[in-house]
Amino acid sequence: MNQKPGDLLLSVIDFFGILIPGAVLAFLHGNLLLAPLGLSVKALETFSDWIPAFFVSFVLGHFLLGLSVPFNGLAARFPSTVTEAYEKAVRAQLTLPAGVKDTRTNLFYAAFSFVRIHSPEAMAELERQAAEYKMFRSLTLLFLLDIPLCAVSGSLSLARLVASLAIVALAAYRFRFLFDWTYQLAFEFYWQLQKPAAGQVG
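This is a predicted model, so every value here is computed, not measured.

Scoring rules and cut-offs
- Residues numbered from 1 in each chain as written.
- Predicted model: local features only at pLDDT ≥ 70, side-chain atom pairs only at ≥ 80, totals over all residues.
- Heavy atoms only, no water.
- Patch = residues over 30% accessible without salt bridge, like charges linked within 9 Å, V, L, I, M, F, W, Y side chains within 5 Å.
- Areas by Shrake-Rupley, 256 points an atom, 1.4 Å probe, with all protein chains shown as cover.
- Salt bridge = Lys/Arg side-chain N within 4 Å of Asp/Glu carboxyl O.
- Helix = DSSP H or I, 4+ residues; strand = E, 2+ residues; numbered from the N terminus.
- Buried < 20%, exposed > 50% of the residue type's maximum accessible area, 1.4 Å probe, protein only.
- Contact = heavy atoms within 4.5 Å.
- Expected span 1.5 Å × (residues − 1).
- Core = buried A, V, L, I, M, F, W, Y, C linked by side-chain atoms within 4.5 Å.
- Phe/Tyr/Trp six-rings, centres within 6.5 Å; stacked < 30°, edge-to-face > 60°.
- 1 Å grid on protein atoms, 1.4 Å probe; cavity = no way out; pocket = protein on both sides within 12 Å on 5 of 7 lines; lining within 4 Å.
- Points joined across faces, edges and corners; volume = space filled by probe spheres on them.
- Nonpolar A, V, L, I, M, F, W, Y, C, P; charged D, E, K, R; others polar.
- Polar contact = N/O pair within 3.5 Å; in protein donor to acceptor, adjacent residues only side chain to side chain.

A.B. asks: Please set out a nonpolar patch on the surface residue by residue, giving values where relevant.
C.D. replies: A grouping of Ile 51, Phe 54 and Phe 55 is seen on the molecular surface, where their side chains present a nonpolar patch of about 280 Å² in accessible area. Examined against the element boundaries, Phe 54 turns out to sit in helix α2 (residues 47-67). Given a relative accessible area of 31%, Phe 54 falls into the partly exposed group.

Right, here's the structure in full:
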């Protein structure tokens, strides 16, 4: 195996899209969520306390990431005019395999894969944008869940309700913007990377 030290580190998507939302959920409701397992989130006083907290945050972050995926479908319904223009240009160049539905999401992942293979620099930017929209997507779900979780724990108040709803609105707004921006960049990078090849064909 040819593993490099960097392969063992958290990627930008792991850190922003998974670990941070998971850590916020663990901080707010860790004891409530872990109580059925006979566990609790202890005060992080020593290094040994951080190790289980890290893994709990990572696992909770994965659940948030997976459960919030349906929000992508909602955000994809409202593309900006620039994103639509690049999508149209890419659709004229990129042919999906037979059996793969010709949807915006499948076109995005095909363009994403092309950029990953042909431009590490562009891929680094795409991954950073994807990490950010996934973080705000997870935070949107997290603070939606915060309301019933607070009700169950008996800590729900009017101030907490208003704060959670405000954070949901702000996180959802930022998620939708970053989601659209990531799609636009993927299509734009694909289109730009294809231009030299198209010029050499003639």
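A.B. asks: Which residues make up the environment of Ala 110, and what values go with them?
C.D. replies: Tracing the chain through its elements places Ala 110 in helix α5 (residues 104-118). Along the chain, Ala 110 and Pro 97 lie 13 residues apart, while their C-alpha atoms are 10.0 Å from each other. Not counting chain neighbours up to four residues away, the residues in contact with Ala 110 comprise Leu 94 and Leu 96.

A.B. asks: Any details on helix α6 (residues 120-153)? Residues and values, ideally.
C.D. replies: For α6, built from 34 residues, the straight-helix expectation of 50 Å at 1.5 Å per residue is met to within 8% by its first-to-last C-alpha distance of 46 Å. Gly 154 sits one or two positions beyond α6 and adopts a positive phi of about 80 degrees.

A.B. asks: How would you explain the nonpolar core if you had to name every residue and give the values?
C.D. replies: Ranked by size, the top nonpolar core spans 41 residues in total, and within it Leu 94, Leu 126, Phe 179 and Phe 187 carry the most contacts. Elements with a contribution of two residues or more to this core: α1 (12-34), α2, α3 (70-76), α4 (81-93), α5, α6 and α7 (158-201). Ranked by residues supplied to this core, first place goes to α6 with 12 residues. Other than its neighbours up to four places away in sequence, Phe 179 contacts Asn 72, Ala 75, Ala 76 and Tyr 133.

A.B. asks: Give a detailed account of the packing of aromatic side chains, specifying residues and quantitative values.
C.D. replies: Geometrically, a pair of aromatic rings is defined through the distance of the ring centres and the angle of the planes. One pass over the structure, following the stated rule, counts 13 aromatic pairs. Look at Phe 15 and Phe 16: their rings are 5.1 Å apart centre to centre, the planes differ by 85 degrees, and that puts the pair in the edge-to-face class. Residue classification places Phe 16 among the partly exposed residues on the basis of a relative accessible area of 32%. An angle of 80 degrees between the planes, with centres 5.2 Å apart, marks the rings of Tyr 133 and Phe 179 as edge-to-face.

A.B. asks: I'd like a rundown of empty space enclosed by the protein, residues and numbers included.
C.D. replies: The tally for this structure, following the rule as stated, stands at one cavity of 30 Å³ or more. In this structure, the largest cavity is lined by Ala 75, Ala 76, Phe 78, Pro 79, Thr 83, Arg 104, Phe 179, Asp 180 and Tyr 183. Looking at the lining of the largest cavity element by element, the count peaks at three residues for α7. For the lining of the largest cavity, the per-class residue count stands at six nonpolar, one polar and two charged.

A.B. asks: Explain the side chain of Thr 83 residue by residue, including any values.
C.D. replies: Along the chain, Thr 83 turns up in helix α4. A polar side-chain atom of Thr 83 sits 2.9 Å from a polar atom in the side chain of Ser 80. Side chain to side chain, Thr 83 and Asp 180 meet in a polar contact 3.1 Å long. Excluding its chain neighbours within four sequence positions, the residues that come into contact with Thr 83 are Asp 180, Tyr 183, Gln 184 and Phe 187.

A.B. asks: So what's going on with the environment of Asn 72? Residues and values would help.
C.D. replies: Mapped onto the elements, Asn 72 comes out in helix α3. Put simply, Asn 72 and Tyr 133 are 61 residues apart on the chain and 9.8 Å apart in space, counted from C-alpha to C-alpha. Leaving out residues up to four positions away in the same chain, Asn 72 has contacts with Tyr 133, Arg 137, Phe 175 and Phe 179.

A.B. asks: Account for the pattern of salt bridges, with residues named and values stated.
C.D. replies: In total, this model carries seven salt bridges according to the counting rule given. The residue Arg 160 makes a salt bridge to Asp 146 at a minimum N-O spacing of 2.9 Å. Remark: Asp 146 occurs in helix α6 and Arg 160 occurs in helix α7; sequence separation between them is 14 residues. Since its relative accessible area comes to 0%, Asp 146 is described here as buried. One continuous salt-bridge network, built from bridges that share partners, spans Glu 87, Arg 91, Asp 102 and Arg 104.

A.B. asks: For the side chain of Thr 140, give the residues involved together with the corresponding values.
C.D. replies: Looking at where Thr 140 falls in the secondary structure, it is placed in helix α6. Here Thr 140 is in contact with Phe 71, Val 168, Ala 171 and Ala 172, once residues within four sequence places are set aside.

Interpretation in functional terms is not warranted from these geometric data alone.
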